[in-house]
Amino acid sequence: MNQKISARERMYRLVCEKSSGAYLFISRDREEVCALGQWKKYFDFDITAKRELEKLFEVIDEPYVIPLRDVVFLEKDPSKTERKSVECLTRDKKKWFFFRTDLILDQDGVCTDKIIRIFDITKYKRQSDELDYYSYYDIYTGLYNRNYFIRLLGDFLRRAEKEKETVSVMMLDVDDFHKINDSLGMIAGDEIVQQLGAVIKELCSDRIIACHFNSDVYCIAIFGQSGSETVEKVHGALEERLKSPFYVGNGQTVNLTVTAGVARYPEASDSALDLINCAEVVMLKCKSMGKGSILYYEAPILNDFLTSVELETKLKEALSGNRFELYYQPQFYAGNKKLRGMEALLRWRDEDGRMISPAVFIPIAEKNGFIVPIGSWVLENAIGQYAKWRETYGADFILSINVSAKQYIRPEFVDQLLGILEKHQVNPCQIELEVTESILIEDFDTVSEKLRFLQSKGIRISLDDFGTGFSSLSYLKKLPINTLKIDKSFIDTVLSDSPTRIITESIINMIKSLGFESVAEGVEQEQQYRYLHAVGCDVIQGFFLGKPLCVPDVEKLLQELTVR
Ligand code: C2E
Ligand code: MG
Ligand code: MG
């Protein structure tokens, strides 16, 4: 009997020792406490009796002591608290521990013993801090990132409206930046971007905010015009600094000039995105007139710009001349590689038969508003096509359609979409709208209400390009979202870069815990696929499993699937 018992004890100890956490076993009747598992690795003291539990509270940071006491001295009546947990920081602020108490009950439901499980969650905590940081800031410069900046600019505009104030948006572009990159190398280019970012950061205050817009472009927003916080003063301070050279790592000096374009609320526009667009157009115009200076918005500049580009006419011709086409990229469940859905992707074939990438023309169409009729065309055609596939092949996958913020904010959008679904007798549950975070920026409440309404009709909502901008966690919880698409930029380096891997895994875990579905975009290699599958990503989209296909090719695929 004794041998049996000690063999059992050895086995349990071994299991505990090999598991990843530490354990405190507390018996209700006896004074004894037993510390097991990784305890010695976590703490440099032992606990063998109940009164020694105090030692544990001594190493925990003040604010966490009471919650931890609650968990450790859990009530005996299990109906009140069966299982309780808490996350605690240590007093030296170096470690985070997760404590969870489980009660062990006898057959009458009376608690006889307790087990406190303890896990070191320091690594996980750091990851989520990191993720929070990337939600707001740009990694290179420490300035705000673009999406968060746009959101703050929206706040400025609402405040300005109430206080009858102005808001100026200044877009800054480094002159001849490509020459720096070409002659001194990309690393020197990056250093310049960082140093200039630091200079701009110095100028910020609660009335002045700035972001690193992209590459060598920065955007500054100034609330009101008071004291030293005016466009002229900020620009003047920047010019002053630019008089002295910048030093880069390889010992070279660089003299910089920047070109600035300014657009102001209320004259130029009352929307954050439009103000930025105007400032950009003015900046480009200023460049064309000579570099290193500043230009202020006037209505004709913008009009000139928009009409001078013949693109608008070309886009119009494309729409009326049937030069647009839709391709469809399949998405597969990571687990069984079964077809989950297809994403409709727009293609433009110009007169010479060349394909023009949507990445080129969609931003332009968004700028001049032409995305609205193009978007309507996409909705009508994609849904109409889907209805045909359902008739012929019994297709019942999810059809994902990209919707631009400009389309979405139109009052007629919801009715139009529901009308098209009705006309083609397509079930809204088969449709998924892909939106980007930019739609959330303008007016969070109206947008989420609209999304909620669409979702109540059965339409799925997917957040595209997740991780590239303002990916705040608290924000996401409030939104009616079904799916999050992890941007290709993460997938590209997920195998080679360990910070990206940590972030990607955190994102996937977060998506899971929020109850959304995760889609990885741009999966090109088998190893990426395997990795993503292993870390729990739900759906895979990318060249590895399927490129965007023209209609006849989709039909071949559907035929194969029906035969199988
Ligand atoms: P998106 O919605 O993020 O679409 C995914 C893009 O990634 C597509 O590019 C797709 O072809 C590409 N892609 C997918 N898998 C891979 C891969 O493994 N490797 C590589 N290198 N690329 C991959 P595409 O078709 O050029 O579209 C670019 C963007 O244009 C889309 O990004 C979307 O934002 C926009 N777009 C496309 N069609 C529409 C549309 O109908 N309406 C609106 N508003 N935007 C659209
Ligand atoms: Mg998309
Ligand atoms: Mg995307």
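Our structure is the block above this text.
Residues numbered from 1 in each chain as written. Chains lettered and ligands numbered in written order. Predicted model: local features only at pLDDT ≥ 70, side-chain atom pairs only at ≥ 80, totals over all residues. Heavy atoms only, no water.

Participant: Break down the coordination of the magnesium ion (ligand 2) for me, with residues and values.
Facilitator: Protein-derived ligands of the magnesium ion (ligand 2) are E343 (OE), N402 (OD1), E434 (OE) and D464 (OD), with the metal-ligand distances lying across 1.9 to 2.3 Å. Taken in sequence order, the residues that donate to the magnesium ion (ligand 2) follow the motif E-x58-N-x31-E-x29-D. (Donors = N, O, S within 2.8 Å, 3.2 Å for Na, K, Ca; no water.)

Participant: Account for the packing of helix α14 (residues 371-393) against helix α16 (residues 413-423), naming residues and giving values.
Facilitator: Contact pair α14 / α16: the axes reach a minimum separation of 9 Å and the direction vectors enclose 20°. One finds that α14 runs roughly parallel with respect to α16. When the axes of α14 and α16 are compared, the crossing they make is right-handed. Where α14 abuts α16, its residues S376, L379, E380 and I383 lie against F413, Q416, L417, I420, L421 and K423. (Axes fitted to C-alpha atoms, helices over the stretch in contact; angles between N-to-C directions. Helix = DSSP H or I, 4+ residues; strand = E, 2+ residues; numbered from the N terminus. Parallel < 35°, antiparallel > 145°, perpendicular 65-115°, else oblique. Left-handed = near helix turned anticlockwise from the far one by under 90°. Contact = heavy atoms within 4.5 Å.)

Participant: Talk me through the coordination of the magnesium ion (ligand 3); I want residue IDs and the actual numbers.
Facilitator: Ligation of the magnesium ion (ligand 3) by protein atoms is provided by D464 (OD), D465 (OD), E521 (OE) and E521 (OE), these donors lying 2.0 to 2.4 Å from the ion. All donors of the magnesium ion (ligand 3) belong to a single chain; written as a sequence motif, their spacing is D-D-x55-E. Here the magnesium ion (ligand 3) and the magnesium ion (ligand 2) are spaced 4.1 Å apart, with D464 acting as a shared donor. Of this pair, D464 sits in strand β18 (residues 460-466) while E521 is found in the loop between β20 (517-520) and α22 (526-534), placing the two residues 57 residues apart along the sequence.

Participant: So what's going on with the site of ligand 1? Residues and values would help.
Facilitator: Neighbouring ligand 1 are 22 residues, the closest being E343, R347, D464, E524 and F543. Note that an oxygen atom of ligand 1 is positioned 2.8 Å from one of the side-chain N or O atoms of D464. Residue F543 places a main-chain N or O atom 2.7 Å away from an oxygen atom belonging to ligand 1. When ligand 1 is considered free in solution it has 800 Å² of accessible area, and contact with the protein chains removes 81% of it. Every element with two or more residues in the shell around ligand 1 is listed here: β14 (339-349), α13 (358-367) and β18. The element that contributes the greatest number of residues to the shell around ligand 1 is β14, accounting for four residues. Looking at the shell around ligand 1 residue by residue, the classes come out as eight nonpolar, six polar and eight charged. (Near = heavy atom within 4 Å. Polar contact = N/O pair within 3.5 Å; in protein donor to acceptor, adjacent residues only side chain to side chain. Areas by Shrake-Rupley, 256 points an atom, 1.4 Å probe, with all protein chains shown as cover. Nonpolar A, V, L, I, M, F, W, Y, C, P; charged D, E, K, R; others polar.)

Participant: With reference to specific residues and values, describe the packing of helix α5 (residues 122-136) against helix α21 (residues 498-514).
Facilitator: Where α5 meets α21, the closest approach of the two axes is 10 Å, and the angle between their N-to-C directions is 95°. Our classification of the angle between α5 and α21 gives roughly perpendicular. For the pair α5 and α21, the contacting residues are Q127, E130, L131 and Y134 in the first and I502, I503, S506, I507 and M510 in the second. Residue classes in the contact of α5 with α21 are distributed as six nonpolar, two polar and one charged.

Participant: Describe in detail the environment of T230, supporting the description with residues and values.
Facilitator: Within the fold, T230 resides in the loop between β8 (217-223) and α9 (231-242). Along the sequence, T230 and R69 sit 161 residues apart, while their C-alpha atoms lie 54 Å from each other. When sequence neighbours within four positions are dropped, the list of residues in contact with T230 reads I222 and Q225. There is a polar contact of 3.1 Å between the side chain of T230 and the backbone nitrogen of K233.

Participant: Tell me about the pairing of β8, and please be specific about residues and values.
Facilitator: Regular strands have side chains that alternate between both faces of the sheet. Of all the seven residues making up β8, seven are buried; the element is thus mostly covered by neighbouring parts of the structure. The alternating pattern of β8 places V217, C219, A221 and F223 and Y218, I220 and I222 on opposite faces, both of which are buried. As defined by bridge partners, strand β6 (residues 167-174) adjoins β8 across seven bridges and the pair is classed as antiparallel. Among the inter-strand pairings, M171 is bridged to a residue of β8, identified as C219. Where strand β7 (residues 208-214) lies against β8, six bridges are found, and the strand directions are antiparallel. If you follow C211 over to β8, its bridge partner there is C219. Adjacent in sequence and paired antiparallel, β7 and β8 are bridged by two residues, among which S215 carries a positive phi angle near 25°. (Buried < 20%, exposed > 50% of the residue type's maximum accessible area, 1.4 Å probe, protein only. Pairing = 2+ DSSP bridges.)

Participant: For a nonpolar patch on the surface, give the residues involved together with the corresponding values.
Facilitator: On the surface, M11, Y12 and V15 cluster together into a nonpolar patch covering about 320 Å² of accessible area. Within the element layout of this structure, M11 appears in helix α1 (residues 2-18). (Patch = residues over 30% accessible without salt bridge, like charges linked within 9 Å, V, L, I, M, F, W, Y side chains within 5 Å. Salt bridge = Lys/Arg side-chain N within 4 Å of Asp/Glu carboxyl O.)

Participant: Describe the sheet that holds β7, with residues and values.
Facilitator: With mixed pairing, the five strands of this open sheet are ordered in space as β7-β8-β6-β11-β12. Unpaired on one side and paired on the other, β7 and β12 (294-296) mark the two borders of the sheet. Strand after strand, the sheet turns through a mean of 20° between neighbouring axes, direction not considered. Bridge count between strand β11 (residues 258-265) and β12: three bridges; the pairing is parallel. For V262, the partnering residue across the bridge sits in β12 and is Y296.

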